[in-house]
Amino acid sequence: MLYDMKPWAWVKHVIFHPTEGFEDMRWKKAGSLKIAFFIVFMLFASQVFSARYGGFAYNTRAYSDVFNIVPILVQSVAYYATWVVANWSLCTLFDGEGNMRRVAIYSAYALVPFIIGNFLSTAISYGLTLDESIWYSAIYQVGLWWSVILMVFGMKACHQYNFTVTIVTMIFTVVGMLIILILLALIMSLFQQVYVFFATVYTEILYRVRS
Amino acid sequence: MKLKKIISILVAAVTAVIIMTTAVSAVDPYNTYNYDAWWNAVPSQAGYEVTNTVDLIDQLKQLSDPSSEFFISEDEPSKMSDMKDFFFTDNGDIYIADTGNNRIIKVDINFNLLACYKTFNGSTLGGEILVDESGNEYVASADDFKHLKSPYGVFVDNEGVMYIADRDNQRIIKCVEETKTSAKILKEFVRPETELYDTQSFYCTKVLVDAAKNVYVICPAVNKGAIMFSDSGSFVGYYGANRVEVTAEVIRNRIWRKIASEQQLASLTKSTPVEYANFDIDKEGFIYTVTEVANASTDAVKKMNPAGYNILEKTADNNAFGDQVSITYNGTTYATRLTDIAVSDDNFINILDYTSGRIFQYDERCNQLLIFGFDQEEQRGGFNNPNAIDTYGDNIYVLDGRNNDITVFSLTEFGRYVHEAIALHNKGLYEEAYDIWQEVLKRDGSFYMGLVGTTKALYNQNDYKGAMKYARLAFYAGEYDRAFEANRQDTLRKNFTLYVVLILILVVILIVIRVLKKRGKIPQKLIATGVSFVAEKCKNGIAGIVEKVKKGGKK
């Protein structure tokens with residue numbers, strides 16, 4: 001009765017009950033993939049917001065005329081996706097009980113404090129001088145570490161590990177993310193070369209045909 | 001009908017052409033640019049314009065005219081050749097090192113010939129074994145040192161004593177005028193016979209003398225700094241060497257040095273600093289040096305105190321001189337090579353870029369002010385081989401060793417405003433400089449120092465909003481922060497009662513809501529009508545904004 005909550009209420013519950021929230025959610029089989037994806041989109045939005053806005057003294061970069069959205073896309077959506085894939089692949093081998101859907105949902109829910117901190121710190125930088133930057137970084141750091149703690153307990157609940165194994169698998173997940181990203185970059189450059197090869201052959205043939 | 005149409009079109013075209021040509025002729029014939037807050041090159045006004053180019057041919061014809069007091073010989077060339085250096089004395093006499101013709105020309109500020117030193121009597125050198133052009137060895141006599149061989153540098157102290165860097169004779173001559181065509185050698189400075197000086201040659205190119213009559217000499221083969229002699233001619237030491245530029249190679253060598261054996265060490269290249277190309281001394285006795293290496297970033301320009309330490313003020317955002325980006329054009333890469341430096345009486349630092357023929361002017365704090373001059377040698381005022389730069393009064397003189405002429409730059413109205421404003425600005429008289437900066441900004445709206453100056457002036461006038469605006473334009477975070485803090489304090493002080501009342505109202509509302517909630521009596525209906533009333537009001541406003549955005553989008 002107590003835990004018959006609407007999907008959004010679960011987000012709130014999880015955030016404010018770091019240790020038991022995810023266990024409750026797992027027990028009730030709650031958590032929505034739609035909300036998870038919305039949160040990831042908000043992660044991307046918050047990164048863009050903090051890159052493009054903020055007090056002038058805090059973020060002069062935002063006022064220059066060049067802006068590239070691709071790195072931000074990679075830093076939010078691509079990192080999240082590789083995290084989910086790497087964590088699932090690793091924990092499946094290490095007797096983790098979570099499936100990919102759960103990893104995706106729990107990871108996304110854990111990101112909410114970071115997103116809020118990101119938005120908030122950028123917003124208050126409009127009213128702060130550089131001397132008061134402690135407030136800016138305090139809000140950002142609180143959000144960040146809150147999210148880290150949530151992530152640890154989220155993964156712990158998701159795979160039903162004990163604390164040590166959770167930490168170890170998370171570290172290895174980061175390594176796995178790196179490997180995935182390196183492989184992706186490698187594949188992309190290889191395809192580039194293959195493409196260039198075929199393009200050259202095509203032009204060569206074209207020259208022969210024309211002359 | 002058709003004819004009429006054609007005629008009217010023709011008339012229109014002709015008038016258009018006339019209007020356009022007159023418009024063009026009013027514009028300065030050179031494209032000048034400056035760096036904005038992002039270090040992008042943007043078009044700017046010309047701070048200097050070419051007012052004269054002098055090749056001195058008419059004056060130098062007297063040298064081969066037997067009836068003239070300047071007569072040297074019948075075949076003395078009347079054209080200067082490959083001049084490497086010149087020097088302006090305080091009263092406006094110009095000494096030109098005519099390197100290709102082995103003579104020193106002295107003219108006054110209006111380019112009337114005063115003297116031309118060809119023979120130098122009283123050399124104490126001789127006895128060395130020299131090799132002549134056909135390869136035979138012979139013992140040099142004092143007569144062999146009567147003439148200069150490629151004089152690369154000239155300096156004149158305030159008593160009129162000349163110091164000449166006689167490069168191929170490997171000596172510095174200290175001499176005074178004897179006749180209109182000859183000079184008397186007082187002293188010669190040659191290669192120091194000491195173990196400290198480990199270079200075999202003494203091919204000196206530039207010379208400079210400070211107030212204590214110490215002689216500073218640049219030899220391109222020596223990278224330990226300038227060679228310093230005392231007035232008596234003895235070797236004092238080296239002065240103000242450059243530091244080694246930290247590149248990847250230097251770091252790699254450093255690591256190798258830790259683990260390599262003795263033999264391997266010997267084969268490693270040594271990390272040596274780059275020698276500087278030229279120097280100048282200002283009226284306070286500080287020596288400025290430039291390093292002529294493509295895109296040098298370490299010690300490209302230095303201002304040194306008597307102990308040889310660089311005391312140039314490093315502004316936060318700019319520590320670079322010249323053009324920062326090399327340009328590849330038609331297969332040639334153009335990179336800045338700073339070849340000469342001249343400090344004017346008002347402490348403006350002028351640096352000559354050999355590659356592009358541009359002159360970069362900085363104030364005493366190294367703020368970029370003006371960029372002018374260019375390398376289109378076909379056009380008047382363009383350079384081919386700009387070798388030396390010097391200043392006299394407000395004018396800037398550039399010596400070109402292939403066009404064989406001297407180009408005179410004079411301040412434009414814009415340049416004059418910039419100089420006046422920056423002089424006040426650097427004294428801290430920001431408010432006095434404000435009006436002049438506005439004149440500058442009228443002519444070049446993105447002039448960086450103008451924006452900075454306006455920011456500081458507005459801040460001092462307590463116009464913090466204006467200061468914030470200009471600080472943003474100048475991309476100057478520190479100054480923005482100062483103005484922002486003051487502005488915040490200002491608004492807080494002015495609207496203190498308003499804020500307190502607002503906070504009180506908020507607190508009261510929260511308390512009321514809490515009380516109502518406790519009693520379970522939240523007037524839902526009342527809130528709903530209130531909200532819908534506000535929403536109705538807002539709808540029109542939002543619709544108007546949407547309409548505006550749509551219209552704006554169509555533009």
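Definitions and limits used
Residues numbered from 1 in each chain as written. Chains lettered and ligands numbered in written order. Predicted model: local features only at pLDDT ≥ 70, side-chain atom pairs only at ≥ 80, totals over all residues. Helix = DSSP H or I, 4+ residues; strand = E, 2+ residues; numbered from the N terminus. Rg over C-alpha atoms; globule rule 2.2 N^0.38 Å. Buried ≥ 20, exposed ≤ 12 C-beta atoms within 10 Å, placed from the backbone. Contact = placed C-beta atoms within 7 Å. Pairing = 2+ DSSP bridges. Axes fitted to C-alpha atoms, helices over the stretch in contact; angles between N-to-C directions. Core = buried A, V, L, I, M, F, W, Y, C linked by C-beta atoms within 7 Å. Nonpolar A, V, L, I, M, F, W, Y, C, P; charged D, E, K, R; others polar. pLDDT = per-residue confidence, 0-100. Expected span 1.5 Å × (residues − 1). Parallel < 35°, antiparallel > 145°, perpendicular 65-115°, else oblique. Left-handed = near helix turned anticlockwise from the far one by under 90°.

## Description of the overall build of chain A
Logical step 1: When its secondary structure is counted, chain A shows 8 helices and 0 strands.
Logical step 2: Here the C-alpha radius of gyration of chain A, 22 Å, is well above what a compact globule of 211 residues would show, namely 17 Å.
Logical step 3: The dimensions of chain A, computed from C-alpha atoms along their principal axes, are 80 × 50 × 30 Å.
Logical step 4: Considering chain A as a whole, with its 211 residues, one finds that 30% of them fall into the buried category.
Logical step 5: Partitioning the contacts of chain A with sequence separation of at least 6, the portion at a separation of at least 24 is 71%.

## Thoughts on the overall build of chain B
Logical step 1: Broken down by element type, chain B carries 11 helices and 30 strands.
Logical step 2: Expressed as a percentage of the 555 residues in chain B, the buried residues total 35%.
Logical step 3: Counting only contacts in chain B whose residues sit at least 6 apart along the sequence, the fraction spanning at least 24 positions is 46%.

## Re the sheet that holds strand β16 (residues 215–218) of chain B
Residue and element names in this part refer to chain B.
Logical step 1: Here 4 strands make up an open sheet; going across it, the order is β15-β16-β17-β18 and the pairing antiparallel. Edge strands, defined here as strands with exactly one partner in the open sheet, are β15 (206–209) and β18 (235–239). Each neighbouring strand pair of the sheet contributes to a mean axis angle of 25 degrees, computed without reference to strand direction.
Logical step 2: Sheet analysis places β15 next to β16, joined by 4 bridges and oriented antiparallel.

## Side note on the sheet that holds strand β20 (residues 287–290) of chain B
Residue and element names in this part refer to chain B.
Logical step 1: Spatially, 3 strands are ordered β19-β20-β21 in an open sheet, and the strand pairing comes out antiparallel. A strand with exactly one partner marks an edge of an open sheet, and here the two such strands are β19 (278–281) and β21 (301–304). Neighbouring strand axes in the sheet, compared pairwise and without regard to direction, differ in orientation by 20 degrees on average.
Logical step 2: Inspection of the sheet shows β19 paired to β20 by 4 bridges, in the antiparallel sense. The partner of Asp280 across the bridge, within β20, is Tyr288.

## With respect to the pairing of strand β30 (residues 405–411) of chain B
Residues and elements named next belong to chain B.
Logical step 1: A large share of β30 lies buried, amounting to 6 of its 7 residues.
Logical step 2: Where strand β3 (residues 48–54) meets β30, 6 bridges bridge the pair, whose relative direction is antiparallel. Looking across to β30, one finds that Val54 is bridged to Ile406.
Logical step 3: When strand β29 (residues 395–400) meets β30, the two strands line up antiparallel, connected through 5 bridges.

## With respect to unusual backbone geometry
Excluding glycine, residues mostly carry a negative phi; peptide bonds, for their part, are mostly trans.
Logical step 1: Positive phi, normally seen in glycine, also occurs at Lys29 of chain A, with a value near 55 degrees.
Logical step 2: Along the chain, Lys29 of chain A turns up in the loop between α2 (21–27) and α3 (33–52).
Logical step 3: Of note, the phi angle at Leu56 of chain B is positive, near 65 degrees, even though the residue is not glycine.
Logical step 4: Residue placement: Leu56 of chain B occurs in the loop between β3 and α2 (57–60).

## Side note on the nonpolar core
Logical step 1: Within the largest apolar cluster, 124 residues are counted, with the highest numbers of intra-cluster contacts made by Phe86, Ile164, Ile172, Val217 and Ile351 of chain B.
Logical step 2: Counting residues per element, this core draws most heavily on helix α7 (residues 448–460) of chain B, which supplies 7 residues.
Logical step 3: Apart from the residues within four sequence positions on either side, Ile164 of chain B is in contact with Ile104, Leu148, Pro151, Val154, Ile172, Ile173 and Cys175 of chain B.
Logical step 4: In terms of nonpolar packing, the next biggest core, distinct from the first, is built from 31 residues, Val14, Ala104, Ile105 and Met151 of chain A among them.

## Some thoughts on the interface of chain B and chain A
Logical step 1: Contacts between the two partners involve 8 residues from chain B and, on the opposite side, 7 residues from chain A.
Logical step 2: A per-element tally of the side of chain B that touches chain A places helix α9 (residues 477–494) of chain B first, with 5 residues.
Logical step 3: Considered class by class, the residues forming the side of chain B that touches chain A number 5 nonpolar, no polar and 3 charged.

## Details of the confidence of the model for chain B
Atomic detail in the predicted coordinates should be set aside for any region of low pLDDT.
Residue and element names in this part refer to chain B.
Logical step 1: Of all residues in chain B, 88% attain a pLDDT of 70 or more, and the chain-wide mean is 84.
Logical step 2: Contacts from residues 21–26, a stretch scored under 50 in pLDDT, to residues over four places away or in other chains number 0 contacts.
Logical step 3: Here the predicted complex scores 0.77 on pTM and 0.76 on ipTM.

## A few points about helix α6 (residues 112–124) of chain A
All names here are of chain A.
Logical step 1: With 13 residues, α6 should reach 18 Å at 1.5 Å per residue; the first-to-last C-alpha distance of 18 Å fits that figure.
Logical step 2: If you check which residues of α6 are buried, you get Val112, Phe114, Ile115, Gly117, Asn118, Ser121 and Thr122.
Logical step 3: In the core, the buried residues of α6 are packed alongside α1 (7–16), α3, α5 (100–110) and α7 (133–159).

## Focus: the packing of helix α4 (residues 70–93) of chain A against helix α8 (residues 163–210) of chain A
Residues and elements named next belong to chain A.
Logical step 1: Relative orientation of the contacting elements α4 and α8 amounts to 120 degrees, with a least axis distance of 8 Å. What the angle tells us is that α4 and α8 run oblique. Viewed along their axes, α4 and α8 form a crossing whose handedness is right-handed. Of α8, the residues touching α4 (which contributes Thr82, Trp83, Val85, Ala86, Asn87, Ser89, Leu90 and Cys91) are Thr169, Phe172, Thr173, Gly176, Met177, Ile180 and Leu181.

## Notes on the environment of Tyr392 of chain B
Residues and elements named next belong to chain B.
Logical step 1: On the secondary structure map, Tyr392 appears in strand β28 (residues 386–392).
Logical step 2: Residues Tyr392 and Glu177 lie 215 residues apart in sequence; the distance between their C-alpha atoms is 23 Å.
Logical step 3: Setting aside anything within four residues of it in sequence, one finds Tyr392 in contact with Phe88, Gly92, Ile109 and Tyr397.

## Digging into helix α8 (residues 464–473) of chain B
Residue and element names in this part refer to chain B.
Logical step 1: Burial within α8 is extensive, with 7 of its 10 residues counted as buried.
Logical step 2: Here α8 has its buried residues at Tyr464, Ala467, Met468, Tyr470, Ala471, Arg472 and Leu473.
Logical step 3: Along its buried surface, α8 packs onto α7 and α9.

## A word on the environment of Phe153 of chain A
Residue and element names in this part refer to chain A.
Logical step 1: When you line up the elements, Phe153 lands in helix α7.
Logical step 2: Through-space distance from the C-alpha of Phe153 to that of Glu23 is 8.7 Å; in sequence the pair is 130 residues apart.
Logical step 3: Look past the residues within four positions of Phe153 in its chain and what remains in contact with it is Pro18, Thr19 and Phe22.

## Focus on the packing of helix α5 (residues 413–426) of chain B against helix α6 (residues 430–443) of chain B
Residues and elements named next belong to chain B.
Logical step 1: Orientation of α5 relative to α6, taken along the N-to-C sense of each, is 155 degrees, at an axis distance of 8 Å. By the angle class used here, α5 and α6 are roughly antiparallel. In terms of crossing hand, the pair formed by α5 and α6 is left-handed. Where α5 abuts α6, its residues Phe414, Tyr417, Val418, Glu420, Ala421, Leu424 and His425 lie against Tyr430, Glu432, Ala433, Ile436, Trp437, Glu439, Val440 and Arg443.
Logical step 2: Residues of the contact of α5 with α6, tallied by class, amount to 10 nonpolar, 1 polar and 4 charged.

## Observations regarding the environment of Asp55 of chain B
Residue and element names in this part refer to chain B.
Logical step 1: Looking at the element boundaries, Asp55 is found in the loop between β3 and α2.
Logical step 2: Given 16 C-beta atoms within a 10 Å radius, Asp55 is considered partly exposed.
Logical step 3: Linking Asp55 and Ala115, residues 60 residues apart in sequence, is a C-alpha distance of 16 Å.
Logical step 4: Those residues in contact with Asp55, other than ones at most four positions away along the chain, are Asn404 and Asp405.

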